[in-house]
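What follows is each chain in one-letter form.
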Amino acid sequence: MFAAGAACVASFSLPAGAETTLEKIKRTGEVTVGTEAAFPPFEFVQDGKIVGYGSDILAVVVEELGVKKLNQLDLPWQGILPGVLAGKFDFVATTVGINEERAKRYAYTFPIADGMPYTMKRKGEAITKIEDFNGKVMATQLASSTEPVARALDEKLKANGGTGFKELKLFTSFPESYVALANGEVDAVMQSLPALAVAVKEKPDLFELAVATPKDGGYPYLAWVTRPDDKDLRDAISATIKKMRDDGRLAALQKKWFGFEMKIPDSGYLPPGAE
């Protein structure tokens, strides 16, 4: 998979003097972005439109870029990152967890949210500490940033003398995992804390937060990505997001969609060596 991704990156290297993606966007006034609209409250479909925290940020970003026509593709998460490398759209406008492997292959923007991995359980279930996941069925999204965190936790439980998970179930989207948790198919869901907090707020009689599952040496933030050769586009997007953080607009959107504010740092959110 890494080799294939590297080949895609290589194939998208721009010849000297060629128009960059940012220059094309500014010249045409048009941009195409890839989004997974199945990740509430970041991006989801409501009344036939893609809405959410990320969509509100995107509206500001495209305005700053001078875009007159926005093409927003709603795609399964598993096709988002390969799609941007293949040139199917200009950048990823959906939440992408930051980790070392991805930082070698994509150019991350300034973070839009805290993405600390956390777990959610059915209300009243006796899961109060990490060790309680021994023998339990854990759920998360296939190819998400929390999949390797879940696998690492399973190994850690076994290394500490436990049985590990009974099973790790991977779903195409997080809403599917919520349904599985509600009907007893799984015992817990691992996802970013902000998204789980909203799920609990919306269904307090059904779900409750369990315990934190921090990444070892992790980078618990969520951002967007561009192709590695499009760092000028990445920097333009980052400048807008940072300005929104500094002038309070980002915090206002967080209150609107999550009910609380998140601290977004100026540095330290990317692995060493990431550009």
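Residues numbered from 1 in each chain as written. Predicted model: local features only at pLDDT ≥ 70, side-chain atom pairs only at ≥ 80, totals over all residues. Heavy atoms only, no water.

J.: Provide a residue-level description of helix H6 (residues 146–159), including the pertinent values.
T.: The end-to-end C-alpha distance of H6, which contains 14 residues, comes to 20 Å, matching closely the 20 Å that a straight helix rising 1.5 Å per residue would cover. Those residues of H6 that are buried are in contact with strand S9 (117–122), strand S10 (137–141), strand S11 (167–171), helix H7 (174–182) and strand S12 (188–192). Gly161 sits one or two positions beyond H6 and adopts a positive phi of about 95°. (Helix = DSSP H or I, 4+ residues; strand = E, 2+ residues; numbered from the N terminus. Expected span 1.5 Å × (residues − 1). Contact = heavy atoms within 4.5 Å.)

J.: So, unusual backbone geometry: which residues are in play, and what are the values?
T.: Backbone torsion omega between Pro40 and Pro41 reads 0°, so that peptide bond is classified as cis. Residue placement: Pro41 occurs in the loop between strand S2 (38–39) and strand S3 (43–46). In this model, Asp47 sits at a positive phi of 55°, which is unusual for a non-glycine residue. Mapping Asp47 onto the fold places it in the loop between S3 and strand S4 (49–51). On the basis of relative accessible area, Asp47 is assigned to the exposed category, the value being 76%. A positive phi is found at Ala143, a non-glycine position, where the angle reads about 65°. By the element assignment, Ala143 lies in the loop between S10 and H6. Judged by relative accessible area, Ala143 falls into the partly exposed class, the value being 35%. (Buried < 20%, exposed > 50% of the residue type's maximum accessible area, 1.4 Å probe, protein only.)

J.: Got a sec to walk through the packing of aromatic side chains? Specific residues and values, please.
T.: Both the distance between ring centres and the angle between the ring planes are used here to describe each pair of aromatic rings. Across all of its chains, the model carries 10 aromatic pairs by this definition. Taking the centre distance of 5.9 Å and the plane angle of 75° together, the rings of Phe42 and Tyr53 count as edge-to-face. Here Tyr53 lies in helix H3 (residues 53–64) and Phe42 lies in the loop between S2 and S3, a separation of 11 residues in the sequence. For Phe42, a relative accessible area of 0% corresponds to the buried category. Overall, the relative accessible area of 0% leaves Tyr53 in the buried class. Linked through ring pairs, Phe39, Phe42, Tyr53, Phe174, Phe258 and Phe260 together constitute an aromatic cluster. (Phe/Tyr/Trp six-rings, centres within 6.5 Å; stacked < 30°, edge-to-face > 60°.)

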